[in-house]
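Take a look at the letters that make up each chain.
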Amino acid sequence: MAARGGRRLRVLVRAAGGDRGSFTAELAAGLPALLLFLLAGLTAVNAVTTQASCLHAAREAALAAARGADGSAEGGRAAPPGAAVSVSVDGDRAQATVRAPVRMLGGRLPRITVVATAVAAVEPGAHEGSW
């Protein structure tokens, strides 16, 4: 009986030796895909954060323009770096748009541009003395 158990053990050892290195091969094949997903996820988080900053800046710019102040300056202070702020007052509405580039992780890929727009009602008498 001991001989049979020993043979079985040797057979199992030989069978396990046939899979040697398979984990390394699977890791080498799967690691680039995992890194790609990680970079895509971090870029998405960066884009969402930049979008929230743009929305905040657009709200600040629209409210400042609705009160008769310089909306572009107010929006520029709250905007993320590299953002472009445009403000227009049309009748009883002040509209602000903020555009900001989002850099992809890796640097060689093209940039994504996020845009946020906010509208505020112009306060009565806000623009009478400033125009």
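Residues numbered from 1 in each chain as written. Predicted model: local features only at pLDDT ≥ 70, side-chain atom pairs only at ≥ 80, totals over all residues. Heavy atoms only, no water.

Colleague: What am I meant to see in a nonpolar patch on the surface here?
Modeller: A cluster of nonpolar side chains, Phe-23, Leu-27, Leu-31, Leu-34, Leu-35, Leu-38, Leu-39, Leu-42 and Leu-105, forms an exposed patch at the surface whose accessible area comes to about 830 Å². Structurally, Leu-31 can be placed in helix 2 (residues 22-66). (Patch = residues over 30% accessible without salt bridge, like charges linked within 9 Å, V, L, I, M, F, W, Y side chains within 5 Å. Areas by Shrake-Rupley, 256 points an atom, 1.4 Å probe, with all protein chains shown as cover. Salt bridge = Lys/Arg side-chain N within 4 Å of Asp/Glu carboxyl O. Helix = DSSP H or I, 4+ residues; strand = E, 2+ residues; numbered from the N terminus.)

Colleague: I keep staring at the pattern of salt bridges and nothing clicks. Help me out?
Modeller: Opposite charge on two side chains permits pairing when their charged atoms draw close. Taken as a whole, this structure holds 2 salt bridges when the rule is applied. In this structure, Arg-67 and Glu-123 form a salt bridge, with 3.8 Å as the shortest nitrogen-oxygen distance. Highlighted residues: Arg-67 in the loop between helix 2 and helix 3 (71-78) and Glu-123 in the segment after strand 3 (112-121), separated in sequence by 56 residues. With a relative accessible area of 40%, Glu-123 lands in the partly exposed category. Glu-74 serves as the salt-bridge partner of Arg-77, at 2.5 Å between the closest nitrogen and oxygen. Linking Arg-77 with Glu-74, this pair stays in helix 3, spanning 3 residues, or about one helical turn. Judged by its relative accessible area of 61%, Arg-77 falls in the exposed class. Residue Glu-74 is classed as partly exposed on the basis of its relative accessible area, which comes to 29%. (Buried < 20%, exposed > 50% of the residue type's maximum accessible area, 1.4 Å probe, protein only.)

Colleague: How should the sheet that holds strand 1 (residues 84-90) be read in this particular structure?
Modeller: Here 3 strands make up an open sheet; going across it, the order is 1-2-3 and the pairing antiparallel. In this open sheet, the two strands that pair with only one neighbour each are strand 1 and strand 3. Each strand axis lies, on average, 15° off the axis of its neighbour in the sheet, ignoring direction. The pairing of strand 1 with strand 2 (residues 93-102) spans 7 bridges and is antiparallel. The residue of strand 2 that forms the bridge with Asp-90 is Arg-93. The sheet contacts of helix 2 involve strand 1, strand 2 and strand 3, and relative to strand 3 the element is tilted by about 30°. (Pairing = 2+ DSSP bridges. Axes fitted to C-alpha atoms, helices over the stretch in contact; angles between N-to-C directions. Contact = heavy atoms within 4.5 Å.)

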